[in-house]
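# Overview (structure and organization)
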Amino acid sequence: PLPQPMPEPAPEELRRNEHPPDRPNIRLLHERAKVLRELRQFFDERGFLEVQPPCLSRGCIVDPFIDPIEIPASQLQLGLDSSPQYYLQTSPELAMKRMLAAGAPSIYSIGPVFRGGELGDHHNPEFTMLEWYAVGADLNAGVELLGKLASQLLERTGCDVISYRQLFADSLGFDPIDADLSVLQAHVLKVASSLVDSIADDRDAMLDVLLSECIQPTLGIDRPVIVTNYPLSQAALARLSEDDDQCAARFELFAAGLELANGYDELRDVEVLVTRFRRNDERRVVAGRKPLGRQNRMLEYAISSGLPACTGVALGVDRLLMVRTGKRTIGEVIPFTIDLA
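Definitions and limits used
Residue numbers run consecutively from 1 along every chain, following the written order of its sequence. The predicted origin of the model limits local features to residues at a pLDDT of at least 70 and limits the giving and counting of side-chain atom pairs to 80 or more, whereas totals for whole chains, interfaces and linings rest on all residues. Side-chain metrics in this entry use all non-hydrogen atoms of the structure; hydrogen atoms and water are not considered. Each helix is a run of H or I in the DSSP string that is no shorter than four residues. Each strand is a run of E no shorter than two, and both are numbered from the N terminus. We call two residues contacting when some pair of their heavy atoms lies within 4.5 Å. Stacked, tilted and edge-to-face are the three classes assigned to paired rings of Phe, Tyr and Trp, where Trp is represented by its six-membered ring and a pair needs centres within 6.5 Å; plane angles under 30 degrees give stacked, over 60 edge-to-face, the rest tilted. Think of it in three bands: residues with accessible area under 20% of the maximum for their type are buried, residues over 50% are exposed, and the middle band is partly exposed, with areas taken using a 1.4 Å probe on protein chains only. Here, a salt bridge means any Lys or Arg side-chain nitrogen found within 4 Å of an Asp or Glu carboxyl oxygen. Strands pair, by our definition, only if DSSP identifies at least two bridges between them. Helix span, as expected, comes to 1.5 Å for every residue beyond the first. Working definition: the arc comes from the directions between the helix axis and the C-beta atoms, pointing outward to the latter. Here an axis means a line fitted to C-alpha atoms, over the contact stretch when the element is a helix, while the angle between two N-to-C directions is reported on a 0 to 180 degree scale. An angle counts as roughly parallel when it lies under 35 degrees, as roughly antiparallel when it exceeds 145, as roughly perpendicular when it falls between 65 and 115, and as oblique in every other case. Crossings are sorted by hand: turned counterclockwise from the far helix by less than a right angle, the near helix makes the crossing left-handed, and turned clockwise it makes it right-handed. Classes in brief: Ala, Val, Leu, Ile, Met, Phe, Trp, Tyr, Cys and Pro nonpolar; Asp, Glu, Lys and Arg charged; the others, Gly included, polar.

Turning next to the side chain of Ser 57. With respect to the secondary-structure elements, Ser 57 resides in strand E2 (residues 56-57). What Ser 57 contacts, discounting residues up to four positions off in sequence, is Tyr 86, Tyr 87, Gln 89, Leu 94 and Met 298.

Have a look at this one:
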């Protein structure tokens, strides 16, 4: 027999947890458990295998804007000389791609990830990430699967899809890739005048400001929307788009004005990968962040040893729960924010 669901908390129990100064927030334990069951069922029904990547690893993904949390090897007290430090993983990407290169089929994982310096209404240093890789899938298949998941989990009828270029043209009236920098500067001046001087020569920085300040709050209000084909300069680990040689096969999901997921038709060219990681490290140094050097070697090896064609998507489970329950902050949907942990 199937286990019976736990009864909902009594009203007085909920009231005790409305504003707990030092107690865990248990108001949405039942809804969180339900979402986790639905996510697993969604992928299990499609033949994916659930895997458990390590939270602690010698390598890490080199991202210009994400800081991994370092653990000195000496603190592990293992007597190993292989690495001076380990990293709490910012996503399970590295380990999952190594699994795929070793011959794993389509896989997914649900678990904690960690990012330094991230705290706010939509951020916590530790949060829950769903990540999956669909072997043999391309951009269109990846977008279709993400759209089905969003529609089902958010209980919406369908999911809209629009390209990054079309989104800017419709929202702000210019092409984000070809427009003169002066056009972007004029728009940034209206919404973030204090930033104009410092980012006036950085197209991507200005596009990020305009997307987050002007466009994103309007996205996915009635039903979720997936934005595709990001500029090649924002490719991350996505390969070149087949539809537009100025764009990458990258896509993101938005709902209720929140970014929920980021996906790629995965890059499989090692030379391009190394170049992108080098540029990411250079951008980290310019921004005053610590360079991560060659911490991507295991990913280079995974790709060179036979990463299959696939799409990969990372989705924030806590933000998904926020949209599903109509909450405004991440602290309302997780039991322990960092100040309570």
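A few words now on the packing of aromatic side chains. Enumeration over the complete set of coordinates arrives at 7 aromatic pairs. Between Phe 43 and Phe 48, the ring centres sit 5.1 Å apart and the planes meet at 75°, which makes this aromatic pair edge-to-face. Of the two residues examined, Phe 43 and Phe 48, each falls in the buried class. Taken together, the ring pairs connect Phe 42, Phe 43, Phe 48, Tyr 108 and Trp 132 into an aromatic cluster.

Once that is clear, we can look at the pattern of salt bridges. Enumeration over the complete set of coordinates arrives at 17 salt bridges. Across the pair Arg 324 and Glu 31 runs a salt bridge whose closest N-O atoms are separated by 2.7 Å. Taken together, the residues span a long stretch of sequence, with Arg 324 in helix H12 (residues 317-325) and Glu 31 in helix H2 (residues 29-44) at a distance of 293 residues. Judged by relative accessible area, which is 16%, Arg 324 ranks as buried. Two residues, Lys 148 and Glu 144, come together in a salt bridge whose shortest N-O distance is 3.5 Å. Of the two residues, Lys 148 and Glu 144 both sit in helix H5 (residues 139-153), 4 residues apart, roughly one turn of that helix. Judged by relative accessible area, Lys 148 falls into the partly exposed class, the value being 43%. Overlapping salt bridges bring together Arg 165, Asp 175, Asp 178 and Asp 244 as one network.

Next up on the list: the sheet that holds strand E3 (residues 69-72). Here 3 strands make up an open sheet; going across it, the order is E2-E4-E3 and the pairing antiparallel. Only two strands of the sheet have a single neighbouring strand rather than two, namely E2 and E3. Of the strand pairs in this sheet, E3 and strand E4 (residues 85-88) are connected by 4 bridges, and their pairing is antiparallel. By the bridge assignment for E4, Ile 69 is matched with Leu 88.

Turning our eyes to something else, we now look at helix H10 (residues 270-286). Taking 1.5 Å of rise per residue, the 17 residues of H10 would be expected to cover 24 Å, and the 24 Å separating its terminal C-alpha atoms lies within 8% of that figure. Of the positions making up H10, those classed as buried are Leu 273, Val 274, Arg 276, Phe 277, Asn 280, Asp 281 and Arg 284. One face of H10 carries all of its buried residues, which in axial projection span an arc of 165°. Pointing more than 90 degrees away from the buried face of H10 are the exposed residues Glu 271, Arg 279 and Val 286. Residues of H10 that are buried make contact with helix H11 (297-304). Directly beyond the C-terminal end of H10, a positive phi value near 85° is found at Gly 288.

Bringing the packing of helix H7 (residues 181-191) against helix H9 (residues 203-215) into the picture now. At their nearest, the axes of H7 and H9 sit 10 Å apart, and the two run at 40° to each other. By the angle class used here, H7 and H9 are oblique. The chirality of how H7 crosses H9 is left-handed. Two secondary-structure elements touch here, H7 through Leu 181, Leu 184, Gln 185, His 187, Val 188 and Val 191 and H9 through Arg 203, Met 206, Leu 207, Val 209, Leu 210, Glu 213 and Cys 214. Classifying every residue of the contact of H7 with H9 gives 9 nonpolar, 2 polar and 2 charged.

A negative phi holds for most residues other than glycine; trans holds for most peptide bonds. A positive phi angle, close to 55°, is found at Gln 77, a residue other than glycine. Inspection of the secondary structure assignment puts Gln 77 in the loop between helix H3 (73-76) and E4. Among the residues examined, Gln 77 registers a relative accessible area of 72% and is labelled exposed. In this model, Ala 236 sits at a positive phi of 55°, which is unusual for a non-glycine residue. Inspection of the secondary structure assignment puts Ala 236 in the loop between strand E8 (225-231) and strand E9 (247-255).

Each pair of packed helices gets described by two things: the angle between the helix axes and the distance between those axes. Their axes nearest at 11 Å, the elements H2 and H12 cross at an angle of 115°. It follows from the interaxial angle that H2 and H12 lie roughly perpendicular. For H2 against H12, the interelement crossing comes out right-handed. The segment H2 lies against H12, with Glu 31, Arg 32, Lys 34, Val 35, Leu 36, Glu 38 and Leu 39 engaging Val 317, Asp 318, Leu 320, Leu 321, Arg 324 and Thr 325. For the contact of H2 with H12, a count of residues per class yields 6 nonpolar, 1 polar and 6 charged.

Burial analysis of E9 places 9 of its 9 residues in the buried class, which makes it a mostly covered element. Across 6 bridges, the pairing between E8 and E9 is antiparallel. Counterpart to Val 227 in the pairing with E9 is Glu 252. Bridge count for E9 against strand E10 (residues 258-265) is 6 bridges, and the pairing is antiparallel. Each bridged residue has a counterpart across the sheet, and for Leu 253 the counterpart in E10 is Ala 261. The antiparallel hairpin formed by E9 and E10 contains 2 residues in its connecting segment, where Ala 256 sits at a positive phi of about 50°.

Everything listed is a geometric property; what it means functionally is a separate question.
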